[in-house]
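The chain contents come next:
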Amino acid sequence: MKKLSYLLATAFFAGLPTLVLAAGTIDGGTKQAVNSVAIGMFVAFVAFTLCITYWAAKQTASAADFYSAGGGITGFQNGLAIAGDYMSAASFLGISGLVYTSGYDGLIYSVGWLVGWPIVTFLIAEQLRNLGKFTFADVTSFRLGQTEIRILAACGSLVTVAFYLIAQMVGAGKLIQLLFGLDYWMAVILVGGLMMIYVTFGGMKATTWVQIIKAVLLLMGATFMAGAVLYKYGFSPEALFARAVEVHPKKAAIMEPGSLISNPLSAISLGLALMFGTAGLPHILMRFFTVKDAQAARKSVLYATGFIGYFYILTFIIGFGAIVLVSTNPAFLDAGILEKTRSGIAAIKGGSNMAAIHLANAVGGNLFLGFISAVAFATILAVVSGLALAGASSISHDIYAMVIKDGKANEQDEIRVSKIATLFLGVLAIILGIIFENQNVAFMVGLAFAIAASCNFPVLAMSIFWKGLTTRGAMIGGFLGLISAVVGVILSPAVWEATLGNPKGSAPIPLDNPALFSISLAFAGIWLFSVLDRSVRAKVDRGGFDAQYVRSQTGIGASGAVAH
């Protein structure tokens, strides 16, 4: 396995010059000049993270090491890693891109994502650490039927991971396309290949340290970028906003709510997805098993919330900075699109997702562009690694080890299945990334949150807090939420019209985000079918609640119990 690691890394660096020479065109048919400084930083970062992966691979001997880094991550380190996991392409590239195109309304995503953290802090962080081992399915199946619940959890996790991966792959593809001048599909394959190397060989330990390093670099880079923008306007946000209103085609409308989402139902639905989706994201929930006890789990959330909240303030300034410094500079605009639309906002090279990248060039030149490009790539790589690990864990731990092998799987076989699953997920991510090329990455993550909030969160919350929950109720309600969310996403205008190419106005469901109805359906289904369940299994499910409650509050019986 180590030899294969060397071969893959060597192949990557050997093939890099060929990829650069194969550079094609980007949006609008303009040739992208090769930025040697940016490429140098990019290659240096990849080399450094491959060294981390090699180090982690030597220390990964057991399933606990592979899935949860052996529980040896501190609260502060885990908080940084969670922030690194959460500050994804959607946060950095997507939100700044939405602010760039829509102004004030672009903040709806960052506010929604941040509000989800108190729910994690007060409802599930401690209980999750006390009840689980490797995946959140360990918690939901604590007193419920193992086979049924783990199949449900695996389905919810894999669908969520798939939609989340789309956003990251699109962001990475556009970034590498812009940086190297590669064809988009080649850029996506490059990212997918690196992701498979990190997860397959390094497991959770490598993923954690890549996320920590990336979080520190991203916070530093975003702070400098926002500070540079404010410096140009005398550190006066009012002057910045006034200039943005002056140059943006929408004028004063960019400072008003409603330009991005005008339908109240859509706004409520999106808000619910972002708030409750956080507590259902498998790659975030897995992070609570990497710390030694529940106290460290709570500290993790505290640190993560502070880092993430600070970062989202910066993305708002970065988005407005791009309006005034990027949309008015022909160097960052496609001449053909500009001539056709007469809008600097629409003509940005690489699309709106690249607003932050171009702004880095505007405020710091090629050197800072190289740094931010490398950090943005690190951002995406860290998140896709966490996602792939979460998806692979669902297949290997929940399905293979606990369902197929009935909890008697050999650890080495389980890890081997996880690595094979990672390769499968990598190929799937590449295919989906190519299909969804033109979607805004923040929007795509919003759909992933809708699915997590409609399936994973209701089952997890009800299993922890409601004594009356039964296996039948969780199964039917969970699948109702999952299926209605997926169907709602596919039949929405964003996918039905924008991605699948159907005529405008033909979408069967007018809402872009289905969470309002799919979450309600999930909770209603869980409650109704649990109440109506009079089976023998239902009595066992209800009878096991007291023991589960004691362990969830005290940690007695779990590794690293905490005193209160």
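Please refer to the structure higher up on the page.
Residues numbered from 1 in each chain as written. Predicted model: local features only at pLDDT ≥ 70, side-chain atom pairs only at ≥ 80, totals over all residues. Heavy atoms only, no water.

A.B. asks: Where do I start with the overall build of the protein chain in this structure?
C.D. replies: Along the backbone of the protein chain there are 22 helices and zero strands. The burial tally for the protein chain puts 60% of its 564 residues in the buried class. Counting contacts in the protein chain only where the partners sit at least 6 residues apart, residues at least 24 apart contribute 83% of the total. Element-wise, carbon and sulfur atoms account for 68% of the exposed surface of the protein chain, whose accessible area totals about 20000 Å². (Helix = DSSP H or I, 4+ residues; strand = E, 2+ residues; numbered from the N terminus. Buried < 20%, exposed > 50% of the residue type's maximum accessible area, 1.4 Å probe, protein only. Contact = heavy atoms within 4.5 Å. Areas by Shrake-Rupley, 256 points an atom, 1.4 Å probe, with all protein chains shown as cover.)

A.B. asks: In this structure, what is going on with the nonpolar core? I would like to understand it.
C.D. replies: In a soluble, globular protein the nonpolar side chains are often hidden away together inside. Within the largest apolar cluster, 164 residues are counted, with the highest numbers of intra-cluster contacts made by Tyr-86, Phe-92, Trp-113, Ile-176, Met-225 and Phe-377. The greatest single-element share of this core, amounting to 24 residues, is contributed by helix H9 (residues 184-232). (Core = buried A, V, L, I, M, F, W, Y, C linked by side-chain atoms within 4.5 Å.)

A.B. asks: What's the story with the pattern of salt bridges in this structure? I'm lost.
C.D. replies: Opposite charge on two side chains allows them to pair when their charged atoms are near. Tallied over the entire structure, the rule returns seven salt bridges. Asp-533 is the salt-bridge partner of Arg-472, the closest N and O atoms lying 3.4 Å from each other. Of this pair, Arg-472 sits in helix H18 (residues 471-490) while Asp-533 sits in the loop between helix H20 (515-531) and helix H21 (536-543), placing them 61 residues apart in sequence. Between Asp-541 and Arg-537 there is a salt bridge, and its shortest N-O distance comes to 2.8 Å. Here Arg-537 and Asp-541 lie together in helix H21, a separation of four residues that amounts to about one turn. On the accessibility criterion, Arg-537 (35% relative accessible area) is partly exposed. Salt bridges linked by common partners bring Asp-138, Arg-150 and Asp-398 together as one network. (Salt bridge = Lys/Arg side-chain N within 4 Å of Asp/Glu carboxyl O.)

A.B. asks: What should I look at first to understand the packing of aromatic side chains in this one?
C.D. replies: Tallied over the entire structure, the rule returns 14 aromatic pairs. Plain terms: the ring middles of Tyr-164 and Phe-449 are 6.0 Å apart, the flat faces sit at 40 degrees to each other, and that makes the pair tilted. A residue pair is termed long-range when its members are at least 10 positions apart, and Tyr-164 in helix H8 (residues 146-180) and Phe-449 in helix H17 (residues 441-465) qualify at 285 residues. (Phe/Tyr/Trp six-rings, centres within 6.5 Å; stacked < 30°, edge-to-face > 60°.)

A.B. asks: Before we go on, may I ask you to explain H18 in this structure?
C.D. replies: The first and last C-alpha atoms of H18 sit 28 Å apart over 20 residues, in line with the 28 Å expected at 1.5 Å per residue. Along H18, the residues that are buried comprise Thr-471, Gly-473, Ala-474, Met-475, Gly-477, Gly-478, Gly-481, Leu-482, Ala-485, Gly-488 and Val-489. (Expected span 1.5 Å × (residues − 1).)

A.B. asks: How do you make sense of the packing of helix H10 (residues 237-247) against helix H13 (residues 294-325) when you look at a structure like this?
C.D. replies: In a packed pair of helices, the relevant descriptors are the angle between the two axes and the axis-to-axis distance. Where H10 contacts H13, the two axes come as close as 8 Å, and the packing angle between them is 45 degrees. In terms of their interaxial angle, H10 and H13 are classed as oblique. Handedness of the crossing formed by H10 with H13: left-handed. Across the interface between the two elements, Leu-240, Phe-241, Arg-243, Ala-244 and Val-247 from H10 touch Phe-316, Ile-317, Phe-320, Gly-321, Ile-323 and Val-324 from H13. Split by residue class, the contact of H10 with H13 holds nine nonpolar, one polar and one charged. (Axes fitted to C-alpha atoms, helices over the stretch in contact; angles between N-to-C directions. Parallel < 35°, antiparallel > 145°, perpendicular 65-115°, else oblique. Left-handed = near helix turned anticlockwise from the far one by under 90°. Nonpolar A, V, L, I, M, F, W, Y, C, P; charged D, E, K, R; others polar.)

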